[in-house]
Amino acid sequence: MPKAPKKTSAWRHRIEYLGFMLVRFLARHMPARFVDAASARLWCLIAPRLFRHRRALRNLQAAMPHFSDHERQSIAMAMWDNLGRTTMEAMALDQIADDPHAIEFTFSDEIVALMRDPKPAIFVGLHAGNWEVAAIAAEKFNKPLMGVYQKILNPLVDRSVTSLRARFYKGGLHTKGADTVTRIRRGLAAGYSVAIMSDLRDAHGEFVPFFGLRARSTTFPALLARLYDAPIIAIRAVRIGVRQFRIDAVSIVAVKGPDRKRAVFETTERIQQQYETWIKEAPELWMWGHNRWDLKP
């Protein structure tokens with residue numbers, strides 16, 4: 001009897017994996033215009049019936065109270081459309097990277113210099129547009145990258161997703177765990193830049209203003225930048241066509257000073273302020289369905 005749940009879990013993992021592989025096949029071998037639009041329509045059909053849609057509307061109301069109910073609904077629906085397209089695009093990152101017409105960079109001279117500098121950098125991204133595509137920038141500028149990601153519960157799907165990303169993370173993709181900090185520090189010492197998604201809630205983070213609300217935010221990027229005197233680059237990828245993207249990047253000036261805790265906090269504030277600026281420009285591209293502010297219904 002005790003073994004039954006494990007068997008059930010194994011079968012569920014296999015079924016989920018088969019579904020994942022079907023989606024991966026379609027994303028890579030069917031016309032992008034068709035499958036991306038189909039995925040977007042499917043997400044827009046299913047997602048509004050889920051609790052994350054209600055949470056997205058609550059978050060939008062708290063962060064952008066000047067919008068009407070109709071405007072917030074429109075933003076939420078456009079968000080699901082974006083996530084549907086992002087799902088398919090993530091399965092074909094290598095194809096996007098190899099397409100000479102797929103990526104457009106809007107980098108300033110300062111960012112170009114930082115990208116070409118062999119010194120490691122701390123890339124901070126946010127879940128907006130297609131965040132997976134942003135890693136292509138490091139490859140284009142020959143800046144070896146390592147990443148931190150949340151492990152997928154299904155081990156079969158997790159291995160497949162990791163293999164799709166491996167090309168762009170020469171220093172490896174590392175799951176969040178007790179030894180993550182040690183592995184990241186070793187990677188930085190070896191010359192690898194680090195990519196960290198730091199726009200979502202961190203239960204152990206500091207309360208930092210975000211859209212005028214207190215939001216727990218990770219201080220890890222700011223701490224790494226201080227410890228290794230590494231530049232911080234905020235980066236995003238905005239869809240401008242069918243599997244065509246514009247990649248933007250901004251340098252975040254880290255706060256110096258003898259008070260480490262205060263400096264790290266203020267640097268984290270600057271990172272979150274940049275995220276807020278980008279989200280306000282295109283709120284429909286950000287994932288509003290996460291528990292960013294821990295708002296109550």
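One can find the structure itself at the top, above this paragraph.
Caption draft 1: Structural view of the packing of helix α9 (residues 180–189) against helix α10 (residues 220–228). Across the interface, α9 lies against α10 with an axial gap of 12 Å and an inter-helix angle of 40°. The orientation of α9 relative to α10 falls into the category oblique. For α9 against α10, the interelement crossing comes out right-handed. For the pair formed by α9 and α10, the contact residues are Val181, Ile184, Arg185 and Leu188 on the first element and Phe220, Leu224, Leu227 and Tyr228 on the second. Across the contact of α9 with α10, the residue classes break down as seven nonpolar, no polar and one charged.

Caption draft 2: Up close: the pairing of strand β7 (residues 213–217). Where strand β6 (residues 206–210) lies against β7, five bridges are found, and the strand directions are antiparallel. Its bridge partner being in β7, Glu206 is matched across the sheet by Ser217. Where β6 folds back onto β7 in an antiparallel hairpin, the turn is made up of two residues, including Phe211, whose phi is positive at roughly 60°.

Caption draft 3: Structural view of the side chain of Arg72. As for its position among the elements, Arg72 is in helix α4 (residues 69–90). What makes Arg72 buried here is its relative accessible area of 7%. Once you skip the residues sitting within four places of it in the chain, Arg72 turns out to touch Leu57, Leu60, Gln61, Met64, Pro65 and Phe67.

Caption draft 4: The pairing of strand β5 (residues 193–197), seen in detail. In terms of burial, β5 is largely enclosed, as four of its five residues are buried. Across four bridges, the pairing between strand β2 (residues 122–129) and β5 is parallel. Bridging across to β5, Phe123 finds its partner in Ala195. As paired strands, strand β3 (residues 145–149) and β5 are joined by three bridges and run parallel to one another. Directly across from Met146, in β5, lies its bridge partner Val194.

Caption draft 5: Spotlight on the nonpolar core. In this structure, Ile122, Ile184, Phe210, Phe211, Trp286, Trp288 and Trp293 are the most contacted members of the largest nonpolar core, which totals 43 residues. Sequence-distant contacts of Trp288, defined by excluding residues within four places in its chain, comprise Arg55, Ala56, Asn59, Leu60, Ala63, Met64, Ile75, Met79, Phe211, Ile279, Pro283 and Trp293. Within the second largest apolar cluster, 31 residues are counted, among which are Ile96, Ile233, Ile235 and Ala237.

Caption draft 6: Geometry of the environment of Gln273. With respect to the element layout, Gln273 can be found in helix α11 (residues 260–281). The class of Gln273 is partly exposed, set by a relative accessible area of 46%. Taking C-alpha positions, Gln273 is 42 Å from Ile15, a pair spaced 258 residues apart along the chain.

Caption draft 7: Up close: the pattern of salt bridges. Counting across every chain of the model gives 18 salt bridges. Between Arg167 and Asp98 there is a salt bridge, and its shortest N-O distance comes to 2.8 Å. One end of the pair, Arg167, is in the loop between α8 (155–165) and β4 (173–175); the other, Asp98, is in helix α5 (residues 93–98), and 69 residues separate them in sequence. Relative accessible area serves as the criterion here: at 30%, Arg167 is assigned to the partly exposed category. Taken together, the shared-partner salt bridges in this structure form one network comprising Arg236, Arg246, Asp248 and Glu281.

Caption draft 8: Structural view of the packing of aromatic side chains. Applying the stated rule across the entire model yields twelve aromatic pairs. Centre to centre, the rings of Trp286 and Trp293 are 6.3 Å apart; their planes meet at 70°, and the pair counts as edge-to-face. By relative accessible area, which is 1% here, Trp286 ends up buried. Across the ring face of Phe207, the terminal group of Arg214 is positioned such that the distance to the ring centre comes to 4.0 Å. Residue placement shows Arg292 over the ring face of Phe210; its charged tip is 4.8 Å from the ring centre.

Basis of the calculations
Residues numbered from 1 in each chain as written. Predicted model: local features only at pLDDT ≥ 70, side-chain atom pairs only at ≥ 80, totals over all residues. Heavy atoms only, no water. Axes fitted to C-alpha atoms, helices over the stretch in contact; angles between N-to-C directions. Helix = DSSP H or I, 4+ residues; strand = E, 2+ residues; numbered from the N terminus. Parallel < 35°, antiparallel > 145°, perpendicular 65-115°, else oblique. Left-handed = near helix turned anticlockwise from the far one by under 90°. Contact = heavy atoms within 4.5 Å. Nonpolar A, V, L, I, M, F, W, Y, C, P; charged D, E, K, R; others polar. Pairing = 2+ DSSP bridges. Buried < 20%, exposed > 50% of the residue type's maximum accessible area, 1.4 Å probe, protein only. Core = buried A, V, L, I, M, F, W, Y, C linked by side-chain atoms within 4.5 Å. Salt bridge = Lys/Arg side-chain N within 4 Å of Asp/Glu carboxyl O. Phe/Tyr/Trp six-rings, centres within 6.5 Å; stacked < 30°, edge-to-face > 60°. Lys NZ or Arg CZ within 6 Å of the ring centre and 35° of its normal.

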